[in-house]
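Below are the chains, spelled out letter by letter.
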Amino acid sequence: MANNMRYFIGNWKMFGVPKSINILNKINTFTKFNKRFNKNYKIIITPPFTLIESFAKRFKKKNILIGSQNCYHKDSFGSNTGSVSPFMLKKIGASYVIIGHSDNRAEGDTAKMLKNKVIGSLNNNLKIVFCIGENKKEKEKKLTYKVLKSQLTKVLEKKFNYNNIIIAYEPIWSIGTGKIPKSEDLKKISKFIKNILKGIFKTKKPPKVLYGGSVDGSNIASFKSLKEIDGFLIGGASKSSKKFIDIIKNYYR
Ligand code: PGA
């Protein structure tokens, strides 16, 4: 049932110490007792750099994959103080990397840097979660479609292996605010994104499109009917095993 595959990706942001592995232990126990779901969803947790290696080791053959929240825009090794390259992430067991989160765009990530991050990550066989989204002002000015198109076309290219790319639509006004888009808007936007992707990659089977922004156990049910949404990028609610498990439970209930 590959088509019904759903992603639940936890973005911990600047959170977590070694003992936070208990959160993953609990999520892993939940997945073991819910085998009937296992074919239908994938769980990926992106802790900070400091925890990737130990978490990836612990969950190597388990139902949880480990990713990174970011990577540097140059690959391999270099004189770039404080930076971590896609090559280094792959070597410590990361299998996914989030690129273009609005937090990083706000801190100066340009389209050119993001493109280099994508290239470096694909070269190292990392799967990419590429984030796009409009801010409040852009939404009010009805620029959402224009912004999304530009964010996609400035970074993604036909030559990229799109099987290793997932898109996360995260409207900035919804991140951490408790606000989520109206279902009909989200439906239209995700169709629009998929059409743009079909054009970029010249394919009828474009990359998956996830939604992110204030997803939690109480609003997840409202996304159930949206076939166009292939999963969720979850921030705040991914830092608690109970909240994260509630999202999955309520999605399939
Ligand atoms: P949120 O964050 O779920 O806390 O809104 C989502 C994200 O920033 O990826």
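Scroll up for the structure.
Residues numbered from 1 in each chain as written. Predicted model: local features only at pLDDT ≥ 70, side-chain atom pairs only at ≥ 80, totals over all residues. Heavy atoms only, no water.

The subject of this paragraph is the overall build of the chain. Tallying secondary structure elements over the chain gives nine helices and eight strands in all. Expressed along its principal axes, the backbone C-alpha trace of the chain runs to roughly 50 × 45 × 35 Å. In the chain, the share of contacts with a sequence separation of at least 24, taken over all contacts with a separation of at least 6, comes to 72%. Split by element, the accessible area of the chain, about 12700 Å² in all, is 54% carbon and sulfur. (Helix = DSSP H or I, 4+ residues; strand = E, 2+ residues; numbered from the N terminus. Contact = heavy atoms within 4.5 Å. Areas by Shrake-Rupley, 256 points an atom, 1.4 Å probe, with all protein chains shown as cover.)

At a minimum axis distance of 11 Å, the contact between helix α1 (residues 21-32) and helix α2 (residues 49-58) shows a crossing angle of 30°. Classed by the angle they form, the pair α1 and α2 counts as roughly parallel. Viewed along their axes, α1 and α2 form a crossing whose handedness is right-handed. Contacts between α1 and α2 involve Ile-21, Leu-24 and Asn-25 on the former and, on the latter, Ser-54, Phe-55 and Arg-58. Residue composition of the contact of α1 with α2, grouped by class: three nonpolar, two polar and one charged. (Axes fitted to C-alpha atoms, helices over the stretch in contact; angles between N-to-C directions. Parallel < 35°, antiparallel > 145°, perpendicular 65-115°, else oblique. Left-handed = near helix turned anticlockwise from the far one by under 90°. Nonpolar A, V, L, I, M, F, W, Y, C, P; charged D, E, K, R; others polar.)

Applying the stated criterion across every chain yields a total of 15 aromatic pairs. Ring geometry for Tyr-162 against Phe-201: centres 5.1 Å apart, planes inclined by 40°, an arrangement best described as tilted. Residue Tyr-162 is found in the loop between α7 (144-153) and β6 (165-169), and its partner Phe-201 is found in helix α8 (residues 183-201); the two are separated by 39 residues along the sequence. A residue is classified by how much of its surface remains accessible, and Tyr-162, at 23% relative accessible area, is partly exposed. Through a chain of ring-to-ring contacts, three or more aromatic side chains come together here, namely Phe-8, Tyr-41, Tyr-169, Tyr-211, Phe-223, Phe-232, Tyr-251 and Tyr-252. (Phe/Tyr/Trp six-rings, centres within 6.5 Å; stacked < 30°, edge-to-face > 60°. Buried < 20%, exposed > 50% of the residue type's maximum accessible area, 1.4 Å probe, protein only.)

A word on the site of the ligand. Near the ligand there are 13 residues, and of these Lys-13, His-101, Glu-170, Gly-176 and Ser-214 occur at the shortest range. When the free accessible area of the ligand is taken as 280 Å², the share hidden by the protein chains comes to 95%. Looking at the shell around the ligand residue by residue, the class counts come to three nonpolar, eight polar and two charged. (Near = heavy atom within 4 Å.)

What follows covers the nonpolar core. By size, the foremost hydrophobic cluster in this structure holds 60 residues, and its most contacted members are Phe-130, Leu-152, Leu-156, Ile-167, Ile-193 and Phe-232. Sequence-distant contacts of Leu-156, defined by excluding residues within four places in its chain, comprise Phe-130, Ile-165, Ile-167, Leu-197, Ile-200 and Phe-201. Core analysis: the next-biggest nonpolar cluster, separate from the first, contains 12 residues, Tyr-7, Ile-44, Ala-168 and Leu-210 among them. (Core = buried A, V, L, I, M, F, W, Y, C linked by side-chain atoms within 4.5 Å.)

Oppositely charged side chains can pair when the atoms bearing their charge come close. In the structure shown here, the tally under the stated rule is nine salt bridges. Look at the salt bridges and you will find they share partners, linking Arg-6, Lys-194 and Asp-230 into a network. (Salt bridge = Lys/Arg side-chain N within 4 Å of Asp/Glu carboxyl O.)

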